[in-house]
Amino acid sequence: MRNALSVDVEDYFQVGAFEGVIDRADWETMPRRVEANTDRVIALFAEAGVKATFFTLGWVAERHPALIRRIAEAGHEVASHGWDHKRVFTMTADEFRADIASARVVLENASGQKVSGYRAPSFSIDQRTLWAHEVLAEEGYAYSSSVAPIAHDHYGWRSAPRFAWRPVEGAPLIELPVTTLELGRRRMAAGGGGFFRLLPYFVSNLAVRRANRDARPAIFYFHPWEIDPEQPRVPDAPMRSNLRHYTNLEAMRPKLLRLLRAHDWGRTDEVAAAEAARLA
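Residues numbered from 1 in each chain as written. Predicted model: local features only at pLDDT ≥ 70, side-chain atom pairs only at ≥ 80, totals over all residues. Heavy atoms only, no water.

Colleague: What am I meant to see in the environment of His85 here?
Modeller: Structurally, the position occupied by His85 is in the loop between strand E3 (77-80) and helix H4 (93-111). Residues His85 and Gly16, spaced 69 residues apart in sequence, show a C-alpha to C-alpha distance of 7.9 Å. Excluding residues within four positions of it along the chain, His85 makes contact with Glu10, Gln14, Val15, Gly16, Arg24, Leu57, Pro121 and Ser122. Side chain to side chain, His85 and Glu10 meet in a polar contact 3.1 Å long. A polar contact is formed between the side chain of His85 and the backbone oxygen of Gln14, at a distance of 3.4 Å. (Helix = DSSP H or I, 4+ residues; strand = E, 2+ residues; numbered from the N terminus. Contact = heavy atoms within 4.5 Å. Polar contact = N/O pair within 3.5 Å; in protein donor to acceptor, adjacent residues only side chain to side chain.)

Set out below in structure tokens:
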């Protein structure tokens, strides 16, 4: 079973955990590490022999167009992560449409690819923003991977389907929720990111195996900064944010390589197309 491997391309200072202590107006003054870290991710994928999708901020692509070209030239998919990591529920429908349009132009110009996939920053499409899927469908996106069907203090839509579904009646748009694991009555986030770093390896490995057992692909993600233990520490960040962001960075690369070698991985657009055919 082919699973979807993805990277949310943003820098360490752009994450949701630090949005309360780092102003967007200060981003230009911060030392950037996203290009070097993403190149390390490309090398990791080459070592593992896998292709993936890079959901990239327009802000990053505008400043590092050569990086976007390298991603595409290596055979990976370039997809949209919006412009500057604003959560969808902080925007109006018109603002969201403008946000994804700006990002798409920059990403397509840099990559030479048609951008057909989108992931909301911090999985911020939920029951408050049902209009977001409608906008994506109107703009011709083939798929979204923007829903986390869990309960979480930063995001989550617990009642959403756990596997691929069509969120807009009559439209071909597919939603590919990030993978979760159900243990008894408890549903856990197990599809990557901080959960993969913080929890034991067997949790995500089991989540992939169970999804595949049910003939469903797993949807997995991480960030380039998660394989960068030398990144600057952000002063004045809350203790919880520091724990979530910095724990186990040094162990992330070998842990990722182990998971990549244990399962079949590919680009999200390929998985979305297969799921669309299954739902037809």
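Back to the text.
Colleague: How should the packing of helix H1 (residues 34-48) against helix H3 (residues 65-73) be read in this particular structure?
Modeller: In a packed pair of helices, the relevant descriptors are the angle between the two axes and the axis-to-axis distance. Direction vectors running N to C along H1 and H3 enclose 5°, while the axes themselves pass 10 Å from each other. Relative to H3, H1 is oriented roughly parallel. Contact residues: Val34, Glu35, Thr38, Asp39 and Ile42 in H1; Leu67, Arg70 and Ile71 in H3. Tallied by class, the residues present in the contact of H1 with H3 amount to four nonpolar, one polar and three charged. (Axes fitted to C-alpha atoms, helices over the stretch in contact; angles between N-to-C directions. Parallel < 35°, antiparallel > 145°, perpendicular 65-115°, else oblique. Nonpolar A, V, L, I, M, F, W, Y, C, P; charged D, E, K, R; others polar.)

Colleague: Honestly, the nonpolar core in this entry has me stumped. Any pointers?
Modeller: Inside soluble globular proteins, nonpolar side chains tend to come together where they are buried. Leu5, Phe45, Phe54, Phe96, Tyr118, Ile125 and Phe222 are the most contacted members of the largest nonpolar core, which totals 69 residues. Ignoring any residue separated from it by four or fewer positions in sequence, one finds Phe96 in contact with Val88, Met91, Tyr118, Trp131, Ala132, Val135 and Leu136. The next biggest cluster of nonpolar side chains, apart from the first, holds 10 residues, and it includes Phe55, Tyr143, Ala164 and Ala272. (Core = buried A, V, L, I, M, F, W, Y, C linked by side-chain atoms within 4.5 Å. Buried < 20%, exposed > 50% of the residue type's maximum accessible area, 1.4 Å probe, protein only.)

Colleague: In this structure, what is going on with the layout of surface pockets? I would like to understand it.
Modeller: Of the volumes computed, that of the largest pocket is approximately 640 Å³. Lining the largest pocket we find 35 residues, and of these His152, Tyr155, Gly194, Phe195 and Tyr221 sit closest to its centre. At the level of secondary structure, the elements contributing two or more residues to the lining of the largest pocket comprise strand E8 (186-189), helix H6 (193-198) and helix H8 (239-246). Per-element accounting of the lining of the largest pocket gives the leading share, five residues, to H6. Per-class residue counts for the lining of the largest pocket are 15 nonpolar, 11 polar and nine charged. (1 Å grid on protein atoms, 1.4 Å probe; cavity = no way out; pocket = protein on both sides within 12 Å on 5 of 7 lines; lining within 4 Å. Points joined across faces, edges and corners; volume = space filled by probe spheres on them.)

Colleague: Sorry, what's going on with the pairing of E3 here?
Modeller: A regular strand places its side chains on the two faces of the sheet in alternate fashion. Burial along E3 is two-sided: the face carrying Glu77 and Ala79 and the face carrying Val78 and Ser80 are both buried. In this sheet, E3 lies alongside strand E2 (residues 53-56) in parallel orientation, the contact comprising four bridges. Pairing of Phe54 across the sheet is with Val78, part of E3. (Pairing = 2+ DSSP bridges.)

Colleague: Mind showing me how you'd approach unusual backbone geometry here?
Modeller: In most cases, non-glycine residues show a negative phi, while peptide bonds are predominantly trans. Unusually for a residue other than glycine, His85 sits at a positive phi of about 65°. Residues other than glycine seldom take positive phi values, yet Ser122 does so here, at roughly 55°. Locating Ser122 in the fold gives a position in the loop between strand E4 (117-118) and helix H5 (130-138). The exposure class assigned to Ser122 is buried, which follows from its relative accessible area of 15%.

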